[in-house]
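Take a look at the letters that make up each chain.
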Amino acid sequence: MKKAILIYYSRTGFTEQYVRWLAEMTGCPAASYKDARKMELEPYDVVIFASHFRAGYIQKLRWLRKGELRRKQKIILATGAAPIGSPEAKRQIAVSIRDEGLKCPVFYLESGINYEAMDRGEKLMMELFRRLMSEQESENFLHSHDNSSREYLQPVVRYMRELGVAAE
Ligand SMILES: Cc1cc2nc3c(=O)[nH]c(=O)nc-3n(C[C@H](O)[C@H](O)[C@H](O)COP(=O)(O)O)c2cc1C
C-alpha cells in the first residue's frame, strides 16, 4: 500500500481539527507544518497538505514547491469561513493554485471563525478584510462560529481510497 502523510497549517484550530478527523477516518499519520518541515518525508508517496484561507489566499502553498516535495504526489485541503459551494471560494482556490504553479486536486472544507484564538493583528486584519466584502458576504466573518463537519471529508476519504492510501 502507498503511504500518505497529513500535514496541517492551522492558526485558530479548524484546520488541525479537520486533519485529526481525517487521520481517524483513514489511519494516516498527521503532523503540523512546523514539525513536518524538520521531518524526513522520503517514506511518503503522497503528501496531503491542509491549510486555511487568509484574505483570498490559501496559506503556505509555496512550501509544496520546495525540494523533494516538488516531485511528490500532493492533495490540498483548504479550510475557510465561506460557505461550501461558494463561487468565491472556488475562484480563490483556482487563483491560489495558479499563482503557486501547482497542479493537484484541492478540496474545500467549510470551517468557521474563531475570534477567541486570534491575536490583535489578526482581528485587525479581519476587520480590514471585511470592509472589502459585500454586506451579505461579510456576515460569514462577523462572529465566532463553527460550521465544520466530518461529512465534508467524505469526498477526500473516497479519493484517498482510490489512490490506495486510506484504510477501508
Ligand atoms: C485575517 C483572516 C482572513 C481570512 N480570510 C478568509 C478568506 O479569504 N476566505 C475564507 O473563506 N475564510 C477566511 N478566513 C477564515 C479562515 O480561513 C478560517 O477561520 C480557517 O478555518 C482558519 O483556519 P485555522 O483555524 O486552522 O487557522 C479568514 C480568517 C482570518 C483571521
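These remarks concern the structure in this document. (Residues numbered from 1 in each chain as written. Predicted model: local features only at pLDDT ≥ 70, side-chain atom pairs only at ≥ 80, totals over all residues. Heavy atoms only, no water.)

A word on the site of the ligand
Item 1. Near the ligand lie 25 residues; those nearest to it are Ser10, Thr12, Thr15, Ser111 and Gly112.
Item 2. At 2.9 Å, a backbone N or O of glycine 13 approaches an oxygen atom of the ligand.
Item 3. Interatomic distance of 2.5 Å between a side-chain N/O atom of threonine 15 and an oxygen atom of the ligand.
Item 4. Expressed as a share of its isolated accessible area of 640 Å², the protein-covered part of the ligand is 98%.
Item 5. Those elements giving two or more residues to the shell around the ligand turn out to be α1 (14-26), β3 (46-54), β5 (73-80), β7 (112-113) and α4 (120-131).
Item 6. Of all the elements, α4 adds the most residues to the shell around the ligand, at four residues.
Item 7. Looking at side-chain class alone, the shell around the ligand contains 12 nonpolar, 10 polar and three charged residues. (Near = heavy atom within 4 Å. Polar contact = N/O pair within 3.5 Å; in protein donor to acceptor, adjacent residues only side chain to side chain. Areas by Shrake-Rupley, 256 points an atom, 1.4 Å probe, with all protein chains shown as cover. Helix = DSSP H or I, 4+ residues; strand = E, 2+ residues; numbered from the N terminus. Nonpolar A, V, L, I, M, F, W, Y, C, P; charged D, E, K, R; others polar.)

Here we look at α1
Item 1. Between its first and last C-alpha, α1 extends 18 Å over 13 residues, near the 18 Å set by a 1.5 Å rise per residue.
Item 2. When α1 is considered as a whole, its buried residues turn out to be Phe14, Thr15, Tyr18, Val19, Trp21, Leu22, Ala23, Met25 and Thr26.
Item 3. Downstream of α1 by a residue or two, glycine 27 has a phi angle that is positive, lying close to 80°. (Expected span 1.5 Å × (residues − 1). Buried < 20%, exposed > 50% of the residue type's maximum accessible area, 1.4 Å probe, protein only.)

Digging into the pairing of strand β1 (residues 4-8)
Item 1. With five of its five residues buried, β1 lies for the most part within the structure.
Item 2. Two strands pair when backbone bridges link them, and β1 and β3 are joined in this way by five bridges, in the parallel orientation. Looking at β3, one finds that leucine 6 is bridged to isoleucine 48. (Pairing = 2+ DSSP bridges.)

Notes on the side chain of glutamate 122
Item 1. Inspection of the secondary structure assignment puts glutamate 122 in helix α4.
Item 2. For glutamate 122, the side chain forms a polar contact with the side chain of arginine 54, separated by 3.0 Å.
Item 3. Residue contacts for glutamate 122: discarding those within four places in its chain leaves Arg11, Arg54 and Ala117. (Contact = heavy atoms within 4.5 Å.)

Brief notes about the pattern of salt bridges
Item 1. In total, this model carries 11 salt bridges according to the counting rule given.
Item 2. Residue arginine 62 is joined to glutamate 100 by a salt bridge in which the shortest nitrogen-to-oxygen separation is 3.0 Å. Of this pair, arginine 62 sits in the loop between β4 (57-58) and β5 while glutamate 100 is found in the loop between α3 (87-99) and β6 (106-110), placing the two residues 38 residues apart along the sequence.
Item 3. The salt bridge partner of glutamate 127 is arginine 131, with a shortest N-O separation of 3.8 Å. Here glutamate 127 and its partner arginine 131 are both found in helix α4, four residues apart, which amounts to about one turn of the helix. (Salt bridge = Lys/Arg side-chain N within 4 Å of Asp/Glu carboxyl O.)

Description of the packing of α1 against helix α6 (residues 154-163)
Item 1. Direction vectors running N to C along α1 and α6 enclose 45°, while the axes themselves pass 11 Å from each other. As judged from the angle between their axes, α1 and α6 are oblique. Here the hand of the crossing between α1 and α6 comes out right-handed. Taken together, the residues of α6 that come into contact with α1 (itself represented by Leu22, Met25 and Thr26) are Gln154, Val156, Val157, Met160 and Arg161.
Item 2. A breakdown of the residues in the contact of α1 with α6 according to their chemical character gives five nonpolar, two polar and one charged. (Axes fitted to C-alpha atoms, helices over the stretch in contact; angles between N-to-C directions. Parallel < 35°, antiparallel > 145°, perpendicular 65-115°, else oblique. Left-handed = near helix turned anticlockwise from the far one by under 90°.)

Digging into the environment of methionine 39
Item 1. Inspection of the secondary structure assignment puts methionine 39 in the loop between α2 (33-36) and β3.
Item 2. If we ignore the near neighbours within four places in the chain, the residues touching methionine 39 are Ile5 and Ala31.

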